[in-house]
Amino acid sequence: MSTDAMYQTLSPLKATTPAHASAALRWFDTMRRDEEWGLSLDEQIQLLGGIKKRTFQEWKKKALADEPVELSRDTMERFSLLLGIYKALKIVAPSDRMDIGKQWFNTPNQNSLFAGLSPKEFLITIGTVEALYAVRRYLAAARD
């Protein structure tokens, strides 16, 4: 499933299925790559609400084997928001400079929302769904 198709499916969170959860986990696994956000395992589990490392690894193992995974509504909402942030960064950054999105996500930001933290640090430190919504709204405003 493409990033755009998954975002369209997850954005309203109407009827997500174990197959959607598996696709979201596979996408999130790619965010470990240096050319993406370069997330560590600990950062990934914090962005998903501080779930247990073992639980996340079990989910990921199933997802990478193309097996369906049952996830909570909270976890799916977090995936939806993270995917929305990712997509917004792709839209804002010039198409030939995707590194700009990664740089923005990892660079301290003086905007009052972030209070000197990078967006990634902000999301991990605050750790709430509301923080994810705030970053998503911030990027939506930057696009307009």
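Structure's up top.
The rules we used
Residues numbered from 1 in each chain as written. Predicted model: local features only at pLDDT ≥ 70, side-chain atom pairs only at ≥ 80, totals over all residues. Heavy atoms only, no water. Helix = DSSP H or I, 4+ residues; strand = E, 2+ residues; numbered from the N terminus. Buried < 20%, exposed > 50% of the residue type's maximum accessible area, 1.4 Å probe, protein only. Contact = heavy atoms within 4.5 Å. Areas by Shrake-Rupley, 256 points an atom, 1.4 Å probe, with all protein chains shown as cover. Arc of directions from axis to C-beta. Phe/Tyr/Trp six-rings, centres within 6.5 Å; stacked < 30°, edge-to-face > 60°. Core = buried A, V, L, I, M, F, W, Y, C linked by side-chain atoms within 4.5 Å.

(A) Here's a closer look at the overall build of the chain. Counting its secondary structure elements, the chain contains 8 helices and 0 strands. The order of helices and strands in the chain, counted from the N terminus, is α-α-α-α-α-α-α-α. When the 144 residues of the chain are sorted by exposure, 42% land in the buried category. For the chain, the proportion of contacts with a sequence separation of at least 24, taken over those separated by at least 6, is 58%. Accessible surface computed for the chain: about 7,600 Å², of which carbon and sulfur atoms make up 49%.

(B) Examining the environment of Arg 137 more closely. Inspection of the secondary structure puts Arg 137 in helix 8 (residues 129–143). Separated by 49 residues in the primary sequence, Arg 137 and Ala 88 have C-alpha atoms spaced 9.7 Å apart.

(C) View of helix 7 (residues 119–126). Three or more residues of helix 7 are buried, namely Pro 119, Lys 120, Phe 122 and Leu 123. Within helix 7, the buried residues cover an arc of 165° as seen down the axis, which keeps them to one side. On its buried face, helix 7 is in contact with helix 3 (41–47), helix 5 (73–92), helix 6 (99–106) and helix 8. Looking at the residues trailing helix 7, positive phi occurs at Gly 127, about 75°.

(D) Representation of the packing of aromatic side chains in the model. Counted by the stated rule, this structure contains 10 aromatic pairs. With a centroid separation of 3.9 Å and an interplanar angle of 15°, the aromatic rings of Trp 37 and Phe 105 are classed as stacked. With Trp 37 in the loop between helix 2 (18–30) and helix 3 and Phe 105 in helix 6, this pair connects stretches of sequence that are 68 residues apart. Each member of the pair, Trp 37 together with Phe 105, is buried. On the numbers, 5.4 Å between centres and 85° between planes, the contact of Phe 114 with Phe 122 is edge-to-face. Like Phe 114, the residue Phe 122 is buried in the burial classification. A connected cluster of aromatic rings, assembled from ring pairs, spans Trp 27, Phe 28, Trp 37, Phe 56, Phe 79, Tyr 86 and Phe 105.

(E) Representation of the nonpolar core in the model. Judged by nonpolar contacts, the single largest core of 35 residues is most densely connected at Phe 28, Trp 37, Phe 79 and Leu 123. Where this core is concerned, the elements lending two or more residues are helix 2, helix 3, helix 4 (53–64), helix 5, helix 7 and helix 8. It is helix 5 that provides the largest number of residues to this core, a total of 9 residues.

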